[in-house]
Every structure is written in C-alpha cells, then in structure tokens.
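# A closer look at the structure
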Amino acid sequence: MRVACAAAVIAGGSAERLAVSGRLAEQAVTAAVEAGDPGLSCQALELLAMSLRPGDLTAAGYVLRRELAVAEGAPDDADTAAWATDRRRNARF
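Described below are features of the structure shown in this document.

Criteria and cut-off values
Residues numbered from 1 in each chain as written. Predicted model: local features only at pLDDT ≥ 70, side-chain atom pairs only at ≥ 80, totals over all residues. Heavy atoms only, no water. Helix = DSSP H or I, 4+ residues; strand = E, 2+ residues; numbered from the N terminus. Buried < 20%, exposed > 50% of the residue type's maximum accessible area, 1.4 Å probe, protein only. Contact = heavy atoms within 4.5 Å. Areas by Shrake-Rupley, 256 points an atom, 1.4 Å probe, with all protein chains shown as cover. Axes fitted to C-alpha atoms, helices over the stretch in contact; angles between N-to-C directions. Parallel < 35°, antiparallel > 145°, perpendicular 65-115°, else oblique. Left-handed = near helix turned anticlockwise from the far one by under 90°. Nonpolar A, V, L, I, M, F, W, Y, C, P; charged D, E, K, R; others polar. Expected span 1.5 Å × (residues − 1). Polar contact = N/O pair within 3.5 Å; in protein donor to acceptor, adjacent residues only side chain to side chain. Core = buried A, V, L, I, M, F, W, Y, C linked by side-chain atoms within 4.5 Å.

### Some words on the overall build of the protein
When its secondary structure is counted, the protein shows 5 helices and 0 strands. N-terminal to C-terminal, the α/β element order of the protein is α-α-α-α-α. Counting only residues that meet the buried cut, the protein has 37% of its 93 residues in that class. Contacts in the protein between residues at least 24 apart in sequence constitute 44% of all its contacts with a sequence separation of at least 6. Total accessible area on the protein is roughly 5,500 Å²; 55% of this is exposed by carbon and sulfur atoms.

### What to know about the packing of helix α2 (residues 15–35) against helix α3 (residues 38–52)
The geometry of α2 relative to α3 is characterised by a closest axis approach of 8 Å and an angle of 160° between their N-to-C directions. Viewed along their axes, α2 and α3 adopt a mutual orientation that is roughly antiparallel. Viewed along their axes, α2 and α3 form a crossing whose handedness is left-handed. For the pair α2 and α3, the contacting residues are Leu18, Ser21, Gly22, Ala25, Glu26, Ala28, Val29, Ala32 and Val33 in the first and Leu40, Ser41, Ala44, Leu45, Leu47, Leu48, Met50 and Ser51 in the second. Here the residues of the contact of α2 with α3 sort into 12 nonpolar, 4 polar and 1 charged.

### Points about α3
Taking 1.5 Å of rise per residue, 15 residues should cover 21 Å, and α3 covers 21 Å from first to last C-alpha, within 8% of that figure. Residues Gly39, Ser41, Cys42, Ala44, Leu45, Glu46, Leu47, Leu48, Ala49 and Ser51 constitute the buried set of α3. Measuring from the backbone nitrogen of Gly39 back to the side-chain oxygen at the start of α3 gives 3.1 Å, which picks out Asp37 as the cap.

### Overview of the nonpolar core
Of all hydrophobic cores here, the largest spans 11 residues; its members are Ala25, Ala28, Val29, Ala44, Leu45, Leu47, Leu48, Ala49, Ala60, Val63 and Leu64. Elements with a minimum of two residues in this core: α2, α3 and α4 (57–73). Element by element, the count of residues in this core is highest for α3, at 5 residues. Residues within four places of Val63 in sequence aside, it is in contact with Leu45, Leu48, Ala49 and Leu52.

### A look at α2
With 21 residues, α2 extends 30 Å from end C-alpha to end C-alpha; this agrees with the ideal 30 Å at 1.5 Å per step. For α2, the full list of buried residues reads Leu18, Ser21, Gly22, Leu24, Ala25, Ala28, Val29 and Ala32. Gly36 occupies a position one or two residues after α2 and carries a positive phi of about 70°.

In short, geometric facts, not functional conclusions.
Structural data, given as structure tokens:
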C-alpha cells in the first residue's frame, strides 16, 4: 500500500510531494525487508531513488545500487530477475 501511495505522491513532482513520497518509500522499504519480499523491496527502493534524485544524485545512486543487490540476491524469480536486468542495463549511477 505504501508503495502505491509513494508512487501517487511522486507524480506531483513538487518538493513537498517528493519529501512525502520519500518518507512513504522508506516505510515501504522497511516493511518489504521485514516481510522478506525482494520484489516489493525493489519497487520501494526504486521509488525511494526517484524521490531522492532531484535533490541528491549520490544518495539516489546508492539506493539504486542497493536495489540491484537485492534483485541479484533474490531467489530465481521472473519479477526480481527483470529488476536486476533493468538496473544493469540502465546502470548510470
């Protein structure tokens, strides 16, 4: 749920919306990690990076590298394999 909320808030693009989406994404990352769900973790990390990118490219890059590590370390699963492939293909961070 928090992932969907963060995505909806990011869509607005204002600084306030990015801050709110960042907080929601951080909560979603925590919940996904606690649940042991790598696919959900990747989604939440992607949103967190999107919320950080306008203000801090270094932090966003760190989050994207973390997302790649989660995807690569996940059990063989089409969902996380797609995340890992996408991250490697677009590795500009």
